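# Notes for the structure review
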Amino acid sequence: MKRIVKSSFDNDGFPKSRSIRQLCFYLKYFILIREWFKESQNETPDFINENIYYLGQAYAFAWQNNKKDLLFNGNHETNNVDFDHYLRKLGYNFKNQSNELGGYAILNNKKTSLIMDVGSSPDKKFSSNYQAGALSFEIISNGKKLICNSGYFQNHNNQLNKLSKSSAIHSTVILDDRSSCKFNKTKNKSSEISYGLKILKKNIVFEKNYWKINAAHDGYLKQYGVIHDREIEFYPEQTKFIGHDKIISKNMIKNLKFEIRFHLEPNIKVMKTQDNKSILIDLDGEGWKFNSDNNNVNIDNGLYFGKKDSFVDNKNIVISGMTNDENQTIKWEITKI
């Protein structure tokens, strides 16, 4: 077990797969093992206690601070409320106020959460459930998902598994209808990374009246000579998000199709305004407006894989266009109305 822990966890105790679902799995079974030791009146090994501490910190960061399943890298809706009751019953109390862990940035207050994938892709041997969603993000408003990723279809024998690993199923930039990572099939019909990506820079600001997450990745650099740089700012007093997606060309490559997708949960209603410049979002009674001046913005159909091995129709907002031989910055805003 020590060998598994040493090879599978990073220095902060987060699984190297970057899988939140796997994190919860490990925590549940380490606690079960610890309780078995207590029941048998044997001393619990130090490494068991140590890993429960680190896994618990990560669990508080990824779940307990938001009470919402974050749909990144193989995760789907699990609802850990019963597990939380189990933890309280046994006297476990995990807390973590960090803004970054395991390749994720999470900024939140009592009403709003902004979550972004700011981590590099995992090593090949840990990538069987990884999804190519670099710099994708989710927004939670008053306990409801405003912007989400579309989840994960776990069954490797189904073609939807491959689709759910693509960049298009995330709220991020897609270039030339290609994903930011490449996957190859394995003998057991799952797939693993054949060409991954690295995060090139990262900057996180969390102040009372101003939040910012900025990061860039090289997933499109080798094939297209392009770097994707994303910055999302939040102004709590105005309840406004401002995004800047930069497509930075290193080799003067032009005429590539790009899309920036913003996925919505199936119950969310959207409508384009009469002037075709904005999208109105009805978040269960909360009103929001999406706009991106001087860009082509539309509503598209999609699939939502939030529940394990199932799918339903959903909507997503799409900004689309063509690259050119100059660096481009696509600005967008999401404002509460």
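Please refer to the structure placed before this passage.
Below, the structure is looked at part by part. (Residues numbered from 1 in each chain as written. Predicted model: local features only at pLDDT ≥ 70, side-chain atom pairs only at ≥ 80, totals over all residues. Heavy atoms only, no water.)

With that settled, the discussion passes to the overall build of the protein. Summing up its helical and strand segments, the protein has six helices and 19 strands in all. Computed over the C-alpha atoms, the radius of gyration of the protein is 20 Å, within 12% of the 20 Å expected from 2.2 N^0.38 for a compact globule of 337 residues. When the backbone C-alpha atoms are referred to their principal axes, the protein occupies close to 70 × 45 × 35 Å. In the protein, buried positions account for 53% of the 337 residues. Within the protein, counting contacts between residues at least 6 apart in sequence, those at least 24 apart form 64% of the total. Of the roughly 16,200 Å² of accessible surface on the protein, 46% is carried by carbon and sulfur atoms. A gap of 3 Å separates the mean positions of the 49 positive and 38 negative side-chain charges of the protein. (Helix = DSSP H or I, 4+ residues; strand = E, 2+ residues; numbered from the N terminus. Rg over C-alpha atoms; globule rule 2.2 N^0.38 Å. Buried < 20%, exposed > 50% of the residue type's maximum accessible area, 1.4 Å probe, protein only. Contact = heavy atoms within 4.5 Å. Areas by Shrake-Rupley, 256 points an atom, 1.4 Å probe, with all protein chains shown as cover. Lys, Arg positive; Asp, Glu negative; His and termini not counted. Charge placed at Lys NZ, Arg CZ, Asp CG, Glu CD.)

With the rule as written, the count across this model stands at 21 aromatic pairs. When the centroid spacing of 6.0 Å and the interplanar angle of 80° are considered together, the rings of F153 and F305 count as edge-to-face. Linking F153 in the loop between β5 (144–147) and α5 (159–164) with F305 in the loop between β17 (296–304) and β18 (312–322), this pair joins segments that are 152 residues apart in sequence. There is no split in this pair, since F153 and F305 are both buried. Ring pairs connect the aromatic residues F206, W211, F234, F241 and W288, which therefore count as one cluster. Directly above the aromatic system of Y104 lies the positively charged group of R18, at a separation of 4.6 Å from the ring centroid. (Phe/Tyr/Trp six-rings, centres within 6.5 Å; stacked < 30°, edge-to-face > 60°. Lys NZ or Arg CZ within 6 Å of the ring centre and 35° of its normal.)

This part covers the environment of D10. The topology assignment puts D10 in the loop between α1 (2–8) and α2 (20–39). According to the relative accessible area criterion, D10 is partly exposed, its value standing at 29%. Between the C-alpha atoms of D10 and F37, which are 27 residues apart in sequence, the distance is 25 Å. In contact with D10, not counting residues within four places along its chain, are K16 and G102. A distance of 2.9 Å separates a polar side-chain atom of D10 from the backbone nitrogen of D12. (Polar contact = N/O pair within 3.5 Å; in protein donor to acceptor, adjacent residues only side chain to side chain.)

This part covers α2. The end-to-end C-alpha distance of α2, which contains 20 residues, comes to 29 Å, matching closely the 28 Å that a straight helix rising 1.5 Å per residue would cover. Listed in full, the buried residues belonging to α2 are I20, L23, C24, Y26, L27, F30, I31, I33 and E35. Next to the buried residues of α2 lie α1, α3 (46–64), α4 (81–90) and β2 (104–108). You can read the cap of α2 off the contacts: a side-chain oxygen lies 3.4 Å from the backbone nitrogen of R21, and it is on S19. (Expected span 1.5 Å × (residues − 1).)

What follows covers the sheet that holds β5. Taken in spatial order, the five strands make up an open sheet running β1-β2-β3-β4-β5, and their pairing is antiparallel. A strand with exactly one partner marks an edge of an open sheet, and here the two such strands are β1 (100–101) and β5. (Pairing = 2+ DSSP bridges.)

Attention now moves to the nonpolar core. Counting 41 residues, the largest nonpolar core has F137, F262, F290 and I334 as its most contacted members. Apart from residues no more than four positions distant in its own chain, F290 is found in contact with F262, K277, S278, I279, I281, V297, I317, I319, W332, E333 and I334. Listed in part, the 32 residues of the second largest apolar core include L55, A58, A62 and F83. (Core = buried A, V, L, I, M, F, W, Y, C linked by side-chain atoms within 4.5 Å.)

Attention now moves to the pattern of salt bridges. By the definition in use, this model includes 18 salt bridges. Taking the shortest distance from any N to any O, the salt bridge between K145 and E138 comes out at 3.0 Å. Residue class for K145 comes out buried when judged on its relative accessible area of 3%. Between K240 and E333 there is a salt bridge, and its shortest N-O distance comes to 3.9 Å. With a gap of 93 residues between them, K240 in strand β12 (residues 240–249) and E333 in strand β19 (residues 328–336) connect regions that are remote in the sequence. Among the residues examined, E333 registers a relative accessible area of 17% and is labelled buried. Ionic contacts of the salt-bridge type, sharing partners, join the residues D177, K257, E259, R261 and D300 into one network. (Salt bridge = Lys/Arg side-chain N within 4 Å of Asp/Glu carboxyl O.)

All right, on to the packing of α2 against α3 then. It is the contact of α2 with α3, at a shortest axis distance of 9 Å, that shows an interaxial angle of 140°. Relative to α3, the element α2 is oriented oblique. Like other packed secondary-structure pairs, α2 and α3 cross with a definite hand, here left-handed. Contact residues: α2 offers I20, L23, C24, Y26, L27, F30, I31, I33 and R34, while α3 offers F47, I48, N49, N51, I52, L55, G56, A58, Y59 and A62. (Axes fitted to C-alpha atoms, helices over the stretch in contact; angles between N-to-C directions. Parallel < 35°, antiparallel > 145°, perpendicular 65-115°, else oblique. Left-handed = near helix turned anticlockwise from the far one by under 90°.)

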